[in-house]
Each structure stands twice: as C-alpha cells, then as structure tokens.
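A closer look at the structure
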Amino acid sequence: EYADQLERFSQTSIEDIYGLPAQQEIVVGGMLSRVRPTLVKNGRSAGSKMAMLTLEDAKSNKIDAVCFADTYATCSNALELDAVVFLQGKVDRRREEPNIIVDKVIPIEQARLSLPRMVKVVIEDAPDASINGESKQHLNKLREVFRQGAMRANGQAAEVVLELHQDGTVVELRLNGLRVSPDDTLLASAETIMKALPGRTARCELHGAPKISRRRSIERHGEVRSEGDLAFAMHEDGGMSIDRLDN
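The notes below deal with the structure included here. Note on numbering: residues in each chain are counted from 1, in written sequence order. The predicted nature of this model means local features are confined to residues of pLDDT at least 70 and side-chain atom pairs, given and counted, to a pLDDT of 80 or more, with totals for whole chains, interfaces and linings taken over all residues. Note: side-chain values were computed over all heavy atoms of the structure, leaving out hydrogens and water.

1. Looking at the overall build of the chain
This is how it is decided: Secondary structure elements follow DSSP: runs of H or I no shorter than four residues count as helices, runs of E no shorter than two count as strands, and numbering proceeds from the N terminus. By definition in these notes, contact holds between two residues if any of their heavy atoms fall within 4.5 Å. Here the accessible surface of atoms and residues is derived via Shrake-Rupley with a 1.4 Å probe, and residues count as covered only by protein chains that are part of the display.
When you go through the chain residue by residue, the secondary structure sums to seven helices and eleven strands. At a minimum sequence separation of 6, the contacts of the chain that also span at least 24 residues come to 65%. Within the structure as shown, the chain displays about 14000 Å² of accessible surface, and the carbon and sulfur contribution to it stands at 46%.

2. Here's the deal with the packing of aromatic side chains
Just so we agree on the cut-off: Stacked, tilted and edge-to-face are the three classes applied to pairs of Phe, Tyr and Trp rings, where Trp contributes its six-membered ring and a pair requires centres within 6.5 Å; stacked means planes under 30 degrees apart, edge-to-face means over 60, and tilted covers the rest. Note on exposure labels: buried denotes an accessible area under 20% of the residue type's maximum, exposed denotes more than 50%, and partly exposed covers the range between, all computed with a 1.4 Å probe on protein chains only.
Applying the stated criterion to the full structure yields one aromatic pair. Each ring, one from Phe-9 and one from Phe-86, has its centre 6.3 Å from the other, and the planes form 70 degrees; the classification is edge-to-face. Linking Phe-9 in helix H1 (residues 3–9) with Phe-86 in strand E4 (residues 84–92), this pair joins segments that are 77 residues apart in sequence. With respect to burial, Phe-9 and Phe-86 carry one shared label: buried.

3. Description of the pattern of salt bridges
For clarity, the cut-off: Any carboxyl oxygen of Asp or Glu within 4 Å of a side-chain nitrogen of Lys or Arg constitutes a salt bridge here.
According to the stated counting rule, one finds 17 salt bridges in the structure shown. Here Lys-120 ties to Glu-172 by a salt bridge, and the two come within 3.7 Å at their closest N and O atoms. With Lys-120 in strand E6 (residues 118–125) and Glu-172 in strand E8 (residues 169–180), this pair connects stretches of sequence that are 52 residues apart. The exposure class of Glu-172 is partly exposed, given its relative accessible area of 40%. In this structure, Lys-195 engages Glu-191 in a salt bridge whose closest nitrogen and oxygen atoms are separated by 3.4 Å. One end of the pair is Lys-195 and the other is Glu-191, both in helix H6 (residues 184–195) and four residues apart, which spans about a single turn. With relative accessibility at 65%, the residue Lys-195 sits in the exposed group. Three or more residues are tied together by salt bridges with common partners; here these are Lys-120, Glu-159, Glu-163, Glu-172 and Arg-174.

4. Some thoughts on the nonpolar core
Nonpolar side chains tend toward joint burial in soluble globular proteins. Note the following rule: Only buried Ala, Val, Leu, Ile, Met, Phe, Trp, Tyr and Cys residues count toward a nonpolar core, and they belong to the same one when joined by side-chain atoms within 4.5 Å.
Counting 26 residues, the largest nonpolar core has Phe-86 and Phe-146 as the members making the most contacts within it. Secondary-structure elements contributing two or more residues to this core are E4, E6, helix H5 (133–152), strand E7 (158–166), E8 and H6. A per-element tally of this core places H6 first, with five residues. Counting residues in hydrophobic clusters, the runner-up holds 24 residues, among them Ala-78, Ala-83, Leu-87 and Ile-212.

5. Topic: the side chain of Glu-205
Here is the rule: Polar contacts here mean pairs of N or O atoms no more than 3.5 Å apart (in protein, one a potential hydrogen donor and the other a potential acceptor; neighbouring residues in sequence count only if both atoms are side-chain atoms).
By the secondary structure assignment, Glu-205 is in strand E9 (residues 200–207). Judged by its relative accessible area of 18%, Glu-205 is buried. A polar side-chain atom of Glu-205 sits 2.8 Å from a polar atom in the side chain of Arg-203.

6. Some words on the sheet that holds E6
What counts here: Any two strands with at least two DSSP-identified bridges between them are counted as paired. A fitted line through C-alpha atoms represents every axis, and for helices the fit uses only the stretch in contact; the resulting angles, taken between N-to-C directions, go from 0 to 180 degrees.
Spatial ordering of the open sheet is given by E8-E7-E6-E9, a layout of four strands whose pairing is mixed. In the strand order of this sheet, the two ends are held by E8 and E9, each with one partner. Strand-to-strand twist in this sheet, taken as the mean axis angle between neighbours without regard to direction, amounts to 15 degrees. Where E6 meets E9, eight bridges bridge the pair, whose relative direction is antiparallel. Counterpart to Lys-120 in the pairing with E9 is Glu-205. Lying on the sheet, H6 is in contact with E6, E8 and E9; it crosses E9 at an angle near 165 degrees.

7. Focus: unusual backbone geometry
Trans peptide bonds make up most of the peptide bonds, and negative phi angles are found at most residues other than glycine. Phi angles above zero are rare outside glycine, and Ser-60 is one such case at about 70 degrees. By secondary structure assignment, the location of Ser-60 is in the loop between strand E2 (49–56) and strand E3 (62–67). Of note, Asp-82 is a non-glycine position whose phi angle comes to about 75 degrees, a positive value.

8. Overview of the pairing of E7
One ladder, built from seven bridges, connects E6 with E7; its direction is parallel. Looking at the pairing, Glu-124 lines up with His-165 of E7. Alignment of E7 against E8, held across eight bridges, turns out to be antiparallel. Within the sheet, the bridge partner assigned to Val-161 lies in E8 and is Arg-174. Hairpin connection between E7 and E8: a loop of two residues separates the two successive antiparallel strands, and Asp-167 in this loop has a positive phi of roughly 55 degrees.

Following this line, the structure appears as structure tokens:
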C-alpha cells in the first residue's frame, strides 16, 4: 500500500544503512516492529521518557533506533507498534551493529507534505505536437498554479523542475528561486491543467531528498567501522551513549 512512498522518500534502504558511516544523516521508512518507552534516570532529562525502536521493511530487514527525551516529547504520538513511518536522524556506530539516533518521526500520512524536496512536472510530446497558442495558455496556467503554491509555502518547501520530452530529447528546466508547498491544492490544480494539454501527456511527481551515495558518504564521514564490545551509559546531561566495555 505504501511501497511507492517508502521508495520515493527514503534516502536509503534499511539494508544499505549497514554500509554507511557514523554521522550520516538519513531519512528512511518502514514499519515500527518494536516500540519500548523507558525513563531517563539521570541528568537534566531525569524522569522523562525516551524510546527504543526497531524499524523493519517488507523484506524483514531491521534496524534499531533511539528516540532521546527531547525527540520523544515531540513525536511520541507517532510511535505506535506496526505504524508505518519515516525516521529522520543520523547513523550511530558505537555498537557492534549500527543504529539510528532519531531527530524526527514522520507518519506515512504526513510524508507527502513533509518530505518532498522536488515537484517534477514531466511533459511528453506526441510526435506531431507543436507549441501553439492553446499550449502556451495552459503552460501559463500551470505557472500560475506554482506561483500560488509558492505563496502558501512555509517551513518545508519543494523546488519545481520541468522535464520536457520531445523527439527523443529530454530537457530539464529548474525554476530557480521558486519553492512551493506540495499540498493537495497544488497537485490537483496541476493535474487538471496537465490533462488538458493538447497533444501531450503530463504527470506531476514528488521526490524526496537525493538518494545517499555510499562512496560520497564515506568521503565525508570516514570509513565504516565498529567500535568493538560496547555498553549503554547514561550521562549527566540526560543523554545516553554507548561505550566500549573494558576487558
């Protein structure tokens, strides 16, 4: 049911996280197969709740994640067993297996508004199509839809890209400086106009942040490595880290 959105908005797969270095920022989606709230015992967050999570995909790949107190306070309503969510955070490799330090939890129902970084309009011309007055009129209407979408944008906004296919050639045009709210109003209005384009087929696609390149990630954050035998430790500031055990 959610496969398209999980693929479109995840920057990496759960399986591929195991090949990423520490500190790599990620957005990854899946189902919460474990949600275990617990209390912080020490520090400024003592008495506050945090949670240990497990995220699972359709192939039964799993990865653990941690919501510390500050994050838990803002996202606890989304942390339900079997809920489909996106986790936004960083890879942590202070255990034998990597896990995710969670900064934000986005329910799948909110993903289409919260996660798109790009609205791509793909227009494919029929062999005998030409730019006539009617086509220009519809394109002007489409431009106005995006202008109005830019006026509604606040917080997370997406850039607009036109991808034009004609005579075997593909041209990509970025509307520089234009960032829009990828809401239902924009998508419905754009779809209505695109259906009326004479001699053309068109569609509107939402895209999340770029997929993560393992090579570039390693160049930026260093090689992938485990830290040996480790244990959880609570710090005076209320945070929890995972430290090496002395043999």
